Amino acid sequence: MTSLDSTYAKPFLTVPEQARRLRERGMDCGTASFASGVLERYGYYRLSGYWHLYRARPTPPEPRFDDDGREIRLDSFVDGTSLSHVVALYDFDHELRTRLNDILSSIETSFRFFIGHRLGRAGTFAHRCPETLGAVHEPEPGVVPEPTAAYREWLEEYERHERRARDVFVVHFREKYGPHLPIWVATEVMSFGVLSNLYTLMPQVDQEILAARFQIHTADGHGDRGALANWLNNLRNVRNICAHYGRLWNRTFDVLIDAPGQARKEVGVTHLACLADTGVNNKLYGVVLIMRHLLLSIAPGRTDVVDLVDFIESRSLRLRFSMGQLGFPTDWRSNPVWDRGFRIDSAPMLAANLLDQTESLTAANTRAALVGAELEATGTPPTSEQEGRARKKAQRQLLKTYRHFGVVLEVEIGGAKYYPAFQFRDGKIIDALAEVNKFLSDKCVGAQSVHVTAALLDWWQTPHPCLPRHTDGSYRSPLDLLNSVTEACFTKIIEETDAMTSFAVQLMADSSAYAPTMSEPVSPIIH
C-alpha cells in the first residue's frame, strides 16, 4: 500500500451530501434537482472560489486574521447567500475569461511578430545563436564562449515545442529546408511563455527598443525592458489561467505587475501611475490597464479593453459585487485611458519600425565608426592616451556637426539615438548622400522629425523607374545606385532624372499603420 505524505482527512461526499452541507452552512441551494445539476455541471471545489467571499467573518472580539495575516472566514455563510447567485458569478467569470483571452490573443500575436522580426534582422536562426543574442558568458582568452544556463534551459524548452509542431507551414519548412525553423517561423510555434523568455534573452539594445516602441519607459526615458519582461510574464500567467478555466473574479495574482520607472516617477501624471499601488498590481485592474496600454500601440482604434471594463462595471451592478474586489481604484473612471478617443504618441512605433527596416548604429557605435574625423593640430606630438582622447572628442564633434546641419538620418526612440549604417563610408558620412539629405530635409518645414526620417529612408530604399536598371532589368533604388557608381556619377544621374521629385513626407492615418505592416499613406504635406 502506498504511503502518502498528507494530513488531509476530509471524507468523500456524494453530490446530495455536498448540497446538504451547503444548506447546513446557510446557503439557499434551491430545489434538490437544481443543486445537483449545478454541482454536477461545475463541481463543488470549482464553485468554492466564488462563494468564499460570502462566508461569514468571526465576530469581535474573535481575531479577524490568522498568524500569517490572512483573513479568517468561517464555514457558515452570510444571510441571503444563494447558489443561484454563485452560479451567476461563475457565468460572469466565464464570459470575462472568454473576452479577456480574445484580447490577449491579439497582443500575443503582435509580440510574436515584433520579437521575430527584430531578431530576424540579426540572423535567420538568431534564436539558435547565443552569440547573436548575447546569451554567453564573458569569454576568457583562448576559450570558446559558453551559452548561459538561462539560454540552455530556454533552448531545451523551445526544441520541445518545435518537435511537437505539426502545422502545415511547419511541415512544409521541414520537407523543403530541414528540421529547424527560421526565427520568424519559430515564434509561431512557441508557447507564450517561451516567447516571453526569448525576449529576456535578446540583446539589451533590442529589448530597450521594443519597450520604447510600446512606450514603456524608465525614469530617464529609455525603454524599460525589465517592466516589459514583467508584463509579458504577467500576461502569460493570465493566459494560462484563462486556458485552464481558472477564476479571474476576485483573484489575487501571484505575478505582481511592475510599474515602469517613468510611471513611478510621474505619480498622478501618467495613466500607468497606479500600477505602483498595492491592490492594483496584483489584481485584474492592473492586467486590463497594461492590456489597454499595449493595444494603444498595436491597434489604437480598437476599444476591446474599454468594452471589457464597461462589461465588468455593468455586471458589478447587476451581481452586486464591488469593482474594488478586482483592484479597480475608486477614481478609476477619472483615468483618461478609459476614454474611447484616448491616444498615445504614434512616433515611437514609427521610429521602431524604421529601425526594423535598416541596419542602424547606436550613437556610441556611430561615433566610434567616424575614424575619418580630423584631430585638432597640437604644437607637440601627443601621447597615445592624449591622442585617444582627442580622437573621441573629434568623433563626437563630427557627429554633432552632421546633426546640426541636418545631413545625417537620425532615429530617436526611448531617449536613445540611432543612425542608419548605410550613410557612412571610409570613416565619415558619404558626401553625396549628405547633400541629398540636406536638400530634401530642408523642404520639410514644420514636419515632425520622425516623419522626415521615414520619408528619407523610403526615398533612399525604394526602387525608382527613372534610375538606370540593374543588369537583370530590375529597378534600382537611389541607395543601390549610390553603392554601384562614384559619388560624382550618382549626383549627376539624380539631377538628370529628377529622381528627387518622388520624395514626399506623408502623415499616416493612425499609428496602427505601423504594426506590423504599413498602411497606405494619406495627407501628403510636402512634395
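Above: the structure in question.
Calculation notes
- Just so you know, the residues in each chain are numbered from 1, in the order the chain's sequence is written.
- Reporting in this predicted model follows two pLDDT cut-offs: at least 70 for local features of residues, and 80 or more for side-chain atom pairs to be given and counted; totals over whole chains, interfaces and linings ignore these cut-offs and use all residues.
- Computation of side-chain values: all heavy atoms of the structure, hydrogens and water removed.
- The term nonpolar core refers to a set of buried residues drawn from Ala, Val, Leu, Ile, Met, Phe, Trp, Tyr and Cys, joined through side-chain atoms within 4.5 Å.
- Note on classification: 1.4 Å probe, protein chains only; a residue is buried when its accessible area is under 20% of the maximum for its type, exposed when over 50%, partly exposed between these limits.
- A run of DSSP states H or I qualifies as a helix once it reaches four residues; a run of E qualifies as a strand once it reaches two. Both are numbered from the N-terminal end.
- Note on definitions: a residue-residue contact is assigned when non-hydrogen atoms from the two residues lie within 4.5 Å.
- In this analysis, the protein atoms alone were mapped onto a 1 Å grid. Cavities are point sets where a 1.4 Å probe fits without being able to get out; pockets are open sets with protein on both sides within 12 Å along at least five of seven lines; lining residues have an atom within 4 Å of a point.
- Grid points are joined across faces, edges and corners, and a volume is the space filled by probe spheres set on the points.
- Note: the arc covers the axis-to-C-beta directions of the helix.
- Each aromatic pair joins two rings of Phe, Tyr and Trp (for Trp, the six-membered one) with centres within 6.5 Å, and gets the label stacked for planes under 30 degrees apart, edge-to-face for over 60, and tilted for any other angle.
- Think of it as a cone above the ring: NZ of Lys or CZ of Arg counts as a charge over the ring if it is within 6 Å of the ring centre and within 35 degrees of the ring normal.
- All tallies of charge rest on Lys and Arg as positive and Asp and Glu as negative; His and the ends of each chain are not included.
- What makes a salt bridge here is a side-chain nitrogen of Lys or Arg within 4 Å of a carboxyl oxygen of Asp or Glu, nothing more.
- Here a polar contact means two N or O atoms within 3.5 Å. Within protein one must be a hydrogen donor candidate and the other an acceptor candidate, and residues neighboring in sequence count only if both atoms are side-chain atoms.
- In short, DSSP must find at least two bridges between two strands for them to pair.
- To obtain an axis, a line is fitted to C-alpha atoms, over the contacting stretch when the element is a helix, and the angle between two such axes runs from 0 to 180 degrees between their N-to-C directions.

Asker: Just give me the short version of the nonpolar core, but keep the residues and values in it.
Answerer: Of all hydrophobic cores here, the largest spans 103 residues; its most connected members are L100, V288, I312 and W338. With 15 residues, the single largest contributor to this core is helix 4 (residues 83-122). Setting aside residues no more than four positions away along its own chain, V288 makes contact with L100, V305, L308, V309, F328 and W338. Among the nonpolar cores identified, the runner-up in size contains 52 residues, and V452, I493, F503 and V505 belong to it.

Asker: How would you explain empty space enclosed by the protein if you had to name every residue and give the values?
Answerer: One pass over the full model with this rule turns up 1 cavity of 30 Å³ or more. If you go around the largest cavity, the residues you meet are E208, I209, A212, H222, G223, I413, G414, A416 and Y418.

Asker: Please give an account of helix 1 (residues 15-24) that cites residues and values.
Answerer: Listed in full, the buried residues belonging to helix 1 are Q18, A19 and L22. Projected down its long axis, helix 1 carries its buried residues within an arc of 95 degrees, all on one side. Structurally, helix 1 contributes buried residues whose contacts are with helix 2 (32-42) and helix 3 (44-51).

Asker: Talk me through the packing of aromatic side chains; I want residue IDs and the actual numbers.
Answerer: Following the criterion strictly, the structure yields 21 aromatic pairs and no others. Among the aromatic residues, ring-to-ring pairing joins Y42, Y50, Y90, F92, W249, F311 and F321 into one connected group. In this arrangement the basic side chain of R99 is found over the ring face of F311, its NZ or CZ atom lying 4.2 Å from the centre.

Asker: Would you mind going over unusual backbone geometry in detail, with residue names and values included?
Answerer: Following P60, the chain continues to P61 via a peptide bond in cis, the omega torsion being 10 degrees. Although it is not a glycine, N250 adopts a positive phi angle of roughly 55 degrees. In this fold, N250 is placed in the loop between helix 11 (225-243) and helix 12 (261-265). Relative accessible area serves as the criterion here: at 17%, N250 is assigned to the buried category. The phi angle at D426 is positive, at roughly 55 degrees, despite the residue not being glycine. With respect to the helices and strands, D426 occurs in the loop between strand 4 (424-425) and strand 5 (428-429). Assessed through its relative accessible area of 69%, D426 is described here as exposed.

Asker: If you had to explain the side chain of K283 to someone new, which residues and values would you point to?
Answerer: Positionally, K283 belongs in the loop between helix 12 and helix 13 (284-298). The buried charged residue K283 lacks any salt bridge partner; its closest oppositely charged side chain belongs to E71, at an N-O distance of 9.7 Å. Within polar-contact distance, the side chain of K283 engages the side chain of T252 at 3.2 Å. Within the structure, the side chain of K283 is placed 3.4 Å from the backbone oxygen of Q325, a separation counted as a polar contact.

Asker: Before we move on, could you go through the pattern of salt bridges and cite the residues and values that matter?
Answerer: Applying the stated criterion across every chain yields a total of 30 salt bridges. Between E412 and K417 there is a salt bridge, with its nearest N and O atoms 3.9 Å apart. Classification of E412 by relative accessible area gives partly exposed; the value is 47%. One continuous salt-bridge network, built from bridges that share partners, spans D307, D310, E313, R333 and R340.

Asker: Quick rundown of the sheet that holds strand 1 (residues 360-362)? Include the residues and the values.
Answerer: In sheet architecture, strand pairing relies on hydrogen bonds along the backbone and comes in two forms, parallel and antiparallel. The 3 strands lie next to each other as 1-3-2, forming an open sheet whose pairing is antiparallel. Where the open sheet ends on each side, the last strands, each with one partner, are strand 1 and strand 2 (411-413). Averaged over all adjacent pairs, the angle separating strand axes in this sheet is 35 degrees, with direction ignored. Two strands pair when backbone bridges link them, and strand 2 and strand 3 (residues 416-420) are joined in this way by 3 bridges, in the antiparallel orientation. Bridge pairing links E412 to K417 in strand 3. Packed onto the sheet, helix 15 (residues 347-357) meets strand 1, strand 2 and strand 3 and runs at close to 130 degrees relative to strand 2.

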